[in-house]
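The lines below spell out each chain.
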Amino acid sequence: MATDVHGLPILITGVAGFIGSHVAAALLARGQAVVGVDNFDQFYSRQRKEANLARVRAATASGAEFSFHEMDLTDRPAVAGLFCQRFAGVIHLAAKANPRVSVGDPIGYVHANVYATAIVLEHARQQFALDAGVCSRVVVASSSSVYGNCPTPPFHEGLDVTTPISPYAATKQACEVMGYTHWHLHRQPVAMLRFFTVYGPCQRPDLGVSLFIDRISTGTPITLFGDGTMARDCTYIDDVVSGILAAYDRIPAHGYRVWNLGNSTPISVNEMLATVARVVGKAPVLVPGKVQPGDVQLTYADLTRSRAELGYEPKTAFEAGVRKQVAWYLEERR
Ligand SMILES: NC(=O)c1ccc[n+]([C@@H]2O[C@H](COP(=O)([O-])OP(=O)(O)OC[C@H]3O[C@@H](n4cnc5c(N)ncnc54)[C@H](O)[C@@H]3O)[C@@H](O)[C@H]2O)c1
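Residues numbered from 1 in each chain as written. Predicted model: local features only at pLDDT ≥ 70, side-chain atom pairs only at ≥ 80, totals over all residues. Heavy atoms only, no water.

A. Quick look at the pattern of salt bridges. According to the stated counting rule, one finds twelve salt bridges in the structure shown. Among the salt bridges present, the one from Arg257 reaches Glu309, with a minimum N-O distance of 2.8 Å. Highlighted residues: Arg257 in strand E11 (residues 256–261) and Glu309 in helix H10 (residues 304–310), separated in sequence by 52 residues. Across the salt bridge formed by Glu319 and Arg323, the nearest N and O atoms sit 2.7 Å from each other. (Salt bridge = Lys/Arg side-chain N within 4 Å of Asp/Glu carboxyl O. Helix = DSSP H or I, 4+ residues; strand = E, 2+ residues; numbered from the N terminus.)

B. The arrangement of helix H11 (residues 318–333) in detail. The terminal C-alpha atoms of H11, which comprises 16 residues, lie 23 Å apart, in line with the 22 Å expected from a rise of 1.5 Å per residue. Along H11, the residues classified as buried are Phe318, Gly321, Val322, Gln325, Val326, Trp328 and Tyr329. The arc that holds the buried residues of H11, viewed along the axis, is 160 degrees, so those residues lie on one side. Looking at the buried side of H11, the elements it contacts are helix H2 (46–58), strand E7 (198–199), helix H7 (208–218), strand E10 (235–236), strand E12 (267–268) and helix H9 (269–280). (Expected span 1.5 Å × (residues − 1). Buried < 20%, exposed > 50% of the residue type's maximum accessible area, 1.4 Å probe, protein only. Arc of directions from axis to C-beta. Contact = heavy atoms within 4.5 Å.)

C. Main features of empty space enclosed by the protein. Scanning all chains against the criterion turns up one cavity of 30 Å³ or more. Roughly 30 Å³ of internal volume is contained in the largest cavity. Lining of the largest cavity is provided by His92, Leu93, Ala94, Ala95, Asn113, Thr117, Val140, Ala141 and Lys172. Residue assignment for the lining of the largest cavity shows that the elements contributing at least two residues are helix H5 (106–130) and strand E5 (138–143). (1 Å grid on protein atoms, 1.4 Å probe; cavity = no way out; pocket = protein on both sides within 12 Å on 5 of 7 lines; lining within 4 Å. Points joined across faces, edges and corners; volume = space filled by probe spheres on them.)

D. Region of interest: the site of the ligand. Near the ligand lie 28 residues; those nearest to it are Ile19, Asp38, Tyr44, Tyr168 and Val198. With respect to the ligand, the backbone of Ile19 contributes an N or O atom lying 2.8 Å from an oxygen atom. Contact distances for the ligand include 2.9 Å between an oxygen atom and a side-chain N or O atom of Lys49. Across the complex, the protein chains shield 97% of the 820 Å² of accessible surface that the ligand would expose by itself. (Near = heavy atom within 4 Å. Polar contact = N/O pair within 3.5 Å; in protein donor to acceptor, adjacent residues only side chain to side chain. Areas by Shrake-Rupley, 256 points an atom, 1.4 Å probe, with all protein chains shown as cover.)

E. The sheet that holds E5, seen in detail. Strand order across the open sheet formed by seven strands is E3-E2-E1-E4-E5-E6-E11, with parallel pairing between neighbours. Taken across any chain shown, the strands that pair with only one partner, and hence form the sheet edges, are strand E3 (66–70) and E11. Ignoring which end each strand starts from, the neighbouring axes of this sheet average 20 degrees apart. Pairing analysis gives six bridges linking E5 to strand E6 (residues 190–195), with the strands arranged parallel. (Pairing = 2+ DSSP bridges. Axes fitted to C-alpha atoms, helices over the stretch in contact; angles between N-to-C directions.)

F. Here's a closer look at the layout of surface pockets. Each pocket or cavity is described by its volume, and for the second largest pocket that value is around 290 Å³. The wall of the second largest pocket is formed by 15 residues, among which Arg48, Pro205, Asp214, Trp328 and Tyr329 lie closest to the centre. Residue assignment for the lining of the second largest pocket shows that the elements contributing at least two residues are H2, H7 and H11. In terms of residue class, the lining of the second largest pocket is made up of six nonpolar, four polar and five charged. (Nonpolar A, V, L, I, M, F, W, Y, C, P; charged D, E, K, R; others polar.)

G. Molecular detail of the pairing of E11. Extensive coverage of E11 is indicated by the burial of five of its six residues. With six bridges connecting them, E6 and E11 associate as parallel partners. Note that in E11 the partner of Ala191 across the bridge is Arg257.

H. Spatial organisation of unusual backbone geometry. The step from Pro153 to Pro154 runs through a cis peptide bond, and the omega angle for that step is -5 degrees. Mapped onto the elements, Pro154 comes out in the loop between E5 and helix H6 (167–186).

I. Expanded view of the packing of H7 against H11. Two elements in contact, H7 and H11, have axes whose closest approach is 11 Å; the angle formed by their N-to-C orientations is 60 degrees. In terms of orientation, H7 and H11 fall into the oblique class. For the element pair H7 and H11, the recorded crossing hand is right-handed. Each of Val209, Ser210, Ile213, Asp214, Ser217 and Thr218 in H7 lies in contact with H11, whose residues at this interface are Phe318, Val322, Gln325, Val326, Tyr329 and Arg333. (Parallel < 35°, antiparallel > 145°, perpendicular 65-115°, else oblique. Left-handed = near helix turned anticlockwise from the far one by under 90°.)

Right, dumping it as structure tokens:
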């Protein structure tokens, strides 16, 4: 990753979350100063997020500075105050992040994902307008869910994504469209990153691998929604972080760009369960359930563009990644 010429910090939103905390730690380890914000959204426990922040703070052993602000990005005056400080750029990862849950809370998801993104983009723009060398780019988390039940896998960035099947996916698509308009009007580079089911240490507790590790380890029944053939292109956190940093470095050369950050190897729910069971050394207790509204059948990334333009190359095989996540889980429970 290129060293920032101004020595300014990079702003990371959602820094107490799963992906944000890993990105912050990686930047700090490279000597890049970071300012992080998070509102400790109640979707999962504050304790987990505080533990993520402790890991971020440990990465300041490199000598790079980290400061944290507890802040809701929908609070405009608070965000205006935050942007009194100058940033090298922004990595905007904060969001409400579960398609299934969004079905029952479309307004909350639009508020946290679309409205907050508009606020972040607007304040980033104002800073960029004062000096084009400052706040030189914005990287935003999108999602593979924008592909909906697209009939032509693997999914490439040029496909029509105007038929998302959950409010969450619709908010991510809305952010992508806003990002394009932002670039078109203001020439501040914006990257939109479509993450595909990210897993690894500190993974959100609602996501499949995390849930399966916990339930199988504790002998708790798992509701299997559908027949287990539903598949996700599970992508290890370190691979995703390398893609985010490459996108941050390279977006100025593109202006506006959407990139897939996936693994291009979908794993069925049945395979996920079998792998976790093998690594944990216990059999799962399964309870049959129906496919849930908002769930897509398959996610599968075409990586042609991100390989060519970002040099992105996922390196972690699923079972190797699960082993690392199980090791982290056991360590946390000690
Ligand atoms: N994890 C995945 O597999 C995955 C897949 C696709 C897209 N994404 C996207 O990547 C991003 C990070 O996901 P994650 O898995 O790390 O989720 P996460 O929930 O662990 O992290 C998101 C963080 O954002 C914070 N946040 C939410 N609303 C906020 C607000 N209004 N103001 C300030 N902070 C707020 C939350 O408290 C949380 O700590 C999200 O935008 C998500 O939609 C994740």
